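Take a look at the letters that make up each chain.
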Amino acid sequence: MLEIKPIFHALCRSKVGAILLLIQIAITTAIVSNAAFIIQDRISYLSQETGYPEQDIFVFNVMMFGKDVSPSQQYELDEAMLRQIPGVVDAAYSSNTPLSGSGSSSDFSLKPAPEESKSARTSYMFIDEHGINTYGVKLIGGRNYTEDEVIVTDNYDELSKVTVVTKTLLDELFPDGNGLGQTVYFGDIPMKIIGVIDLMKGPWLKDSRPDNVALLPFIKPGTNARFVVRTEPGQRQSVMNRVEEAMLKNYNKRVISRIRGLDDDKESYMAEDTLMMRMLIVLITILVLVTALGIFGLTLFNISKRTKQIGTRRALGARKSAIISYFLVENAMICVVGLVIGVIAAVYLGQLLMQHFSIAQLDISYVLATALAVFVMSLLAVLAPAKRAANISPSIATRTI
Amino acid sequence: MFLHYLDLSWRSFKRTPLVSFLMVLAIAIGIGVTMTSLSVYHMMSADPIPEKSSDLYSVQLQTMDEGRTWWTVDNMPLQLTYQDAVNLNQAKAGGKRVTMVRTGFSVYLDSDKVKPFIGQARLTTPDFFDMFNLSFIYGGVWSEQQEADAAPVVVINKELNDKLFAGENPVGKMVYLDDASYEVIGVIDDWNITTKYYDLNNGAFNKTEQLFLPFSLMKARQLENWGNTNGWKHEKTNTFNDKLNSEMVWLQFWVELKTPAEKQAYQDFLMAYMQEQQKLGRFNREKLTATLRDVNEWMQYNNVVSEDNEILVGLSFMFLAVCLANILGLLLAKFLRRAPEVGVRRALGASKRQIFFQHIVEVAMLGFLGGILGIILAQVGLLGVRQSYSYYQSLATMDLTMLLSAPVIAISTCIIAGLYPAWLVCKTNPAIYLKSQ
């Protein structure tokens, strides 16, 4: 009933067009499935939870050139002033900005250096007792440090004795779950873990350990400083607009620079991935359109070549539906062969990408879904020209060119 | 004859505008997508200083103890320690050399005309300007003596001179950096490099610095490093001096070596230097390693071209292949439909070669039109890329090479696609068509 055999024979008489279509379908399947896989990977990377209310937090840099005030006292005054601005929830001095791609990291170990022991790669931040509240992260165990535990100094001789760490870091160092209250070593300096934070990403989202963060209650006020401010939802922009003026009013021999939202920093850190995702989306959209256009064009060409035959068939009693199904079946046959080659090519391409680049193993479900989508698309592309073919008048059979 | 064929092609284009337009569009889209990703790739990987990129070498020393690993492929640290950078700079070996580090200041004048702002600075040694081919608009570089004395002098770039001194000759004027005054001794002309190859560790596509000062000021005034500092062991670095004496790596060192013999001599010198240091208790390794990489090797080693971009270039060429398969199909359709006409021409005496050539010209014309339209599409694509991130501003552009290669790629790929249809047409047997006419 589907007349596969005669259609196949007819196809064999004009191989080139069919082969071209087949190549297009195969390459399309290979590219689209791999691109879709990469896109999905980027989307989940770009939309990951960071632990911060990013929309409500902003940071800025201060560079002081005047020498007539003591930095530590000035920063105390600044912090107090910032906290009093209407709309501000909390503000703190912070040694670096999370999610920005710039910060400090070290190994945290179970035994003091140079002894060898279990250790975990950790990014660390110097921050005061307002830090946890300002960053809006969730403390799920233990406690925050007190004001007395924060060391304010102008050298590194003395470092904090306590630390608050993220749950992932705690679990990595103490898989038995008894980490809270234990001591870890930063080089040879012991620190007691007094608090646990649920989720808080470090400066490098692409790091092998983006979730391992330790907060050290330690401030070394110098001429360079960075402040972080959390505002009430919706208030951030208005506070950002006023902060430079307020800071300079407090003390003017300094430069306030790079006032930016936490999400802005994250966005520029991720800019390349966002771009890659967008370019791939554009690429596969155009690719599918071009392939559909190709199928459309080729079918039209086939019809114009076979106008006489179709007319003859119609004159001999073929229904319109038979003509339509002829072209659909013909296309489906090409498409299926193309898809089989395409699926193999997709898997091969995926392996190639995995070998040469840091891309995960292609999930076969993406290939199958793409194959199905390409199949449906090709049938849709054939439908319009096939309907046109069905409308060819039987009388055409009796005419010559 | 060529012009005649071109005329025939144009007539044929006008006779079947829809199919022809579809073909041009397919080429244009293929070229547009390919050129967008290829242009970014081209700008990222372009040689930033072609006139001497093979004479400038970045120096790496294996300073780590035996058994320690780094994240580079060959385990070599990317930067140098202070002691090594200073020692190598002072040694009488190699050609011109430069040791440097990135820093910054709050910049202001003695008047209220300019609001204080943050200026990006580079502490460097005098050979810097000559080595990296910088030209001066006003004044010049500081002397070796000023370098040795940590003289408070500064060279600024044109942009900063425009901002501070309205572009006039500022030599001899004073500028405040943090809380100290420095004498301006020179202004360099615009320095347009897409890749900041001399300091890839601190942002390969960042802007070049605005202020250049003697390297010796760093120690004299305890200036901070605004770039990357990395260590491989726990060291006490509580004071500035601790840091200078530590094994932390945070400085860039370049040397100019003009011949292979000079390079070999410098390699030998580095080995001798390391052996000498070994006696002082450093470089605790069985095998000493020192690496010299020229500008292009250095960019490749630092993976300046992102993986994503390489993937995109690959995928867009595959995309171009799909477009070509599409065109090939359409060309077949178009040419074969013209078989009767060709039959008549053959019967009237046209040779197979002439027919073939005529069709290739037609295809090339389509390719040319597609290439031009493709450049326009690529510009739209690059505009989109530039919107996405500031550092793509200078990367996502088409230089002359790319502008010229777009039509070349378009025409040559089209000719390849057109070979088979043209061959098929010129094989036409005139007899059949003469009969049916």
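Worth saying up front: this structure is predicted, and the values here are computed from it rather than measured.

Peer 1: What is the right way to look at the overall build of chain B in this model?
Peer 2: Across its full length, chain B carries 16 helices and 10 strands. C-alpha atoms of chain B, sized along the principal axes, occupy 100 × 60 × 35 Å. Within chain B, buried positions represent 55% of all 437 residues. Contacts spanning at least 24 positions in sequence make up 76% of the contacts within chain B whose residues lie at least 6 apart. With 39 positive and 42 negative side-chain charges, chain B shows a spacing of 14 Å between the two charge centroids.

Peer 1: How should I be thinking about the overall build of chain A in this particular structure?
Peer 2: Secondary structure assignment for chain A yields 11 helices and 12 strands. Relative to the globule expectation of 21 Å for 401 residues, the C-alpha radius of gyration of chain A, 33 Å, shows a markedly less compact shape. Relative to its full complement of 401 residues, chain A shows a buried share of 52%. Sequence-distant contacts, at least 24 apart, represent 82% of the contacts inside chain A between residues at least 6 apart. Summed over its atoms, the accessible surface of chain A is roughly 18400 Å², and 57% of this surface lies on carbon and sulfur atoms. The distance from the centre of the 39 positive side-chain charges to the centre of the 39 negative ones in chain A is 21 Å.

Peer 1: Explanation requested: the side chain of Arg 254 of chain A in the structure shown.
Peer 2: Residue and element names in this part refer to chain A. Within the element layout of this structure, Arg 254 appears in strand E12 (residues 254-261). Arg 254 sits in the buried class, given a relative accessible area of 2%. Within polar-contact distance, the side chain of Arg 254 engages the side chain of Asp 78 at 2.7 Å. A distance of 3.0 Å separates the side chain of Arg 254 from the backbone oxygen of Tyr 251, its partner in a polar contact. For Arg 254, the contacting residues outside a window of four places in its chain are Val 62, Met 63, Met 64, Phe 65, Gln 74, Tyr 75, Asp 78, Met 247 and Leu 248.

Peer 1: Explanation requested: the packing of aromatic side chains in the structure shown.
Peer 2: The relative placement of two aromatic rings is captured by the distance of their centres and the angle of their planes. All names here are of chain B. This model, assessed by the stated rule, comprises 38 aromatic pairs over all chains. Seen from their ring centres, Phe 128 and Phe 212 are 5.5 Å apart, and the 35° between their planes marks the pair as tilted. Residue Phe 128 is located in helix H4 (residues 128-131), and its partner Phe 212 is located in strand E8 (residues 211-214); the two are separated by 84 residues in the primary sequence. Judged by relative accessible area, Phe 128 falls into the buried class, the value being 0%. Arranged with centres 5.7 Å apart and planes meeting at 80°, the rings of Phe 132 and Tyr 197 form a pair that is edge-to-face. Placement of the pair is Phe 132 in the loop between H4 and strand E4 (136-139) and Tyr 197 in the loop between strand E7 (180-188) and E8, with a sequence separation of 65 residues. Among the aromatic residues, those joined into a ring-pair cluster are Phe 128, Phe 129, Phe 132, Phe 136, Trp 142, Trp 191, Tyr 197, Tyr 198, Phe 212, Trp 254, Trp 298 and Tyr 301. One cation-aromatic arrangement involves Arg 293 over Tyr 301; the distance from NZ or CZ to the ring centre is 3.6 Å. If you follow Lys 427 out to its NZ or CZ, it ends over the ring of Trp 423, 4.4 Å from the centre.

Peer 1: What is the right way to read the interface of chain A and chain B from this model?
Peer 2: Accessible area lost when the parts come together is the quantity often used to give the size of an interface. Contacts between the two partners involve 49 residues from chain A and, on the opposite side, 46 residues from chain B. Between chain A and chain B, a total of about 4200 Å² is buried, with carbon and sulfur atoms accounting for 73% of that surface. Across the pair Lys 115 of chain B and Glu 244 of chain A runs a salt bridge whose closest N-O atoms are separated by 2.8 Å. Here chain A and chain B share seven residue pairs in polar contact (both at pLDDT 80 or more) between them. Those elements giving two or more residues to the side of chain A that touches chain B turn out to be helix H2 (15-46), strand E3 (104-109), E12, helix H8 (271-305) and helix H10 (320-356) of chain A. Top contributing element to the side of chain A that touches chain B by residue count: H8 of chain A, with 17 residues.

Peer 1: Before we go on, may I ask you to explain the sheet that holds strand E11 (residues 224-231) of chain A in this structure?
Peer 2: Hydrogen bonds between backbone atoms are what pair the strands of a sheet, whose relative direction is either parallel or antiparallel. All names here are of chain A. With respect to topology, four strands assemble into an open sheet ordered E2-E11-E1-E12, the strand pairing being antiparallel. Looking along the sheet, the strands with just one partner apiece sit at the ends: strand E2 (88-93) and E12. This sheet shows a mean twist of 20° between the axes of neighbouring strands, independent of strand direction. In this structure, E2 lies alongside E11, joined through five bridges in antiparallel fashion. By the bridge assignment, Val 88 is partnered in E11 with Thr 231. Its contacts with the sheet put helix H3 (residues 71-84) on strand E1 (57-64), E2, E11 and E12, and the angle it makes with E2 is roughly 165°.

Peer 1: What's the story with a nonpolar patch on the surface in this structure? I'm lost.
Peer 2: All names here are of chain A. A contiguous nonpolar surface patch, about 370 Å² in accessible area, is contributed by Leu 372, Val 376, Leu 380 and Leu 383. Positionally, Leu 383 belongs in helix H11 (residues 364-390). With relative accessibility at 31%, the residue Leu 383 sits in the partly exposed group.

Peer 1: How should I be thinking about the environment of Phe 357 of chain A in this particular structure?
Peer 2: Here Phe 357 of chain A lies in the loop between H10 and H11. For Phe 357 of chain A, a relative accessible area of 15% corresponds to the buried category.

Peer 1: Please explain the environment of Leu 99 of chain A as it appears in this structure.
Peer 2: All names here are of chain A. By the secondary structure assignment, Leu 99 is in the loop between E2 and E3. Leu 99 gets classed as buried once you look at its relative accessible area, which sits at 0%. Along the chain, Leu 99 and Asn 61 lie 38 residues apart, while their C-alpha atoms are 16 Å from each other. Apart from residues no more than four positions distant in its own chain, Leu 99 is found in contact with Thr 50, Tyr 52, Glu 54, Lys 201, Gly 202, Pro 203, Leu 205, Leu 262, Asp 265, Lys 266 and Tyr 269.

Peer 1: Looking at this structure, how should I read the nonpolar core?
Peer 2: One recurring pattern in soluble globular proteins is that nonpolar side chains are buried together. In this structure, Phe 60 and Leu 82 of chain A together with Phe 128, Phe 132 and Trp 254 of chain B are the most contacted members of the largest nonpolar core, which totals 189 residues. The dominant element in this core, judged by the number of residues it contributes, is helix H11 (residues 307-337) of chain B, at 16 residues. The next biggest cluster of nonpolar side chains, apart from the first, holds 51 residues, and it includes Val 154, Phe 165, Phe 253 and Leu 270 of chain B.

Peer 1: Could you clarify how one ought to interpret helix H7 (residues 262-269) of chain A in this entry?
Peer 2: Counting along an α-helix, one turn takes 3.6 residues, and residues three or four places apart therefore face a common direction. All names here are of chain A. Listing the buried residues of H7 in full gives Leu 262, Asp 263, Asp 265, Lys 266 and Tyr 269. An end-on view of H7 places all buried positions within 160° of arc, on one side of the element. Structurally, H7 contributes buried residues whose contacts are with H2, E1, helix H6 (236-250), E12 and H8.

Peer 1: What should I look at first to understand the environment of Arg 83 of chain A in this one?
Peer 2: Residue and element names in this part refer to chain A. Tracing the backbone through its elements, the reader meets Arg 83 in helix H3. Residues Arg 83 and Thr 231, 148 residues apart in the sequence, show an inter-C-alpha distance of 9.5 Å. Ignoring any residue separated from it by four or fewer positions in sequence, one finds Arg 83 in contact with Val 88, Asp 90, Ala 91, Ala 92, Asp 128 and His 130. Among the polar contacts listed, one links the side chain of Arg 83 to the side chain of Asp 90, at a separation of 3.2 Å.

Peer 1: How should I be thinking about the pairing of strand E5 (residues 153-157) of chain B in this particular structure?
Peer 2: Put simply, side chains in a regular strand alternate between the two faces of the sheet. Residues and elements named next belong to chain B. The element E5 is extensively covered by neighbouring structure, given that five of its five residues are classed as buried. Neither face of E5 is left uncovered, since the one carrying Val 153, Val 155 and Asn 157 and the one carrying Val 154 and Ile 156 both have all their residues buried. As paired strands, E5 and E7 are joined by five bridges and run parallel to one another. Across the sheet, Val 154 pairs through a bridge with Val 184, a residue of E7. As paired elements, E5 and E8 share two bridges and run antiparallel to each other. Pairing of Val 155 across the sheet is with Phe 212, part of E8.

Rules of the game
Residues numbered from 1 in each chain as written. Chains lettered and ligands numbered in written order. Predicted model: local features only at pLDDT ≥ 70, side-chain atom pairs only at ≥ 80, totals over all residues. Heavy atoms only, no water. Helix = DSSP H or I, 4+ residues; strand = E, 2+ residues; numbered from the N terminus. Buried < 20%, exposed > 50% of the residue type's maximum accessible area, 1.4 Å probe, protein only. Contact = heavy atoms within 4.5 Å. Lys, Arg positive; Asp, Glu negative; His and termini not counted. Charge placed at Lys NZ, Arg CZ, Asp CG, Glu CD. Rg over C-alpha atoms; globule rule 2.2 N^0.38 Å. Areas by Shrake-Rupley, 256 points an atom, 1.4 Å probe, with all protein chains shown as cover. Polar contact = N/O pair within 3.5 Å; in protein donor to acceptor, adjacent residues only side chain to side chain. Phe/Tyr/Trp six-rings, centres within 6.5 Å; stacked < 30°, edge-to-face > 60°. Lys NZ or Arg CZ within 6 Å of the ring centre and 35° of its normal. Buried area = accessible area lost by both parts, 1.4 Å probe. Salt bridge = Lys/Arg side-chain N within 4 Å of Asp/Glu carboxyl O. Pairing = 2+ DSSP bridges. Axes fitted to C-alpha atoms, helices over the stretch in contact; angles between N-to-C directions. Patch = residues over 30% accessible without salt bridge, like charges linked within 9 Å, V, L, I, M, F, W, Y side chains within 5 Å. Core = buried A, V, L, I, M, F, W, Y, C linked by side-chain atoms within 4.5 Å. Arc of directions from axis to C-beta.

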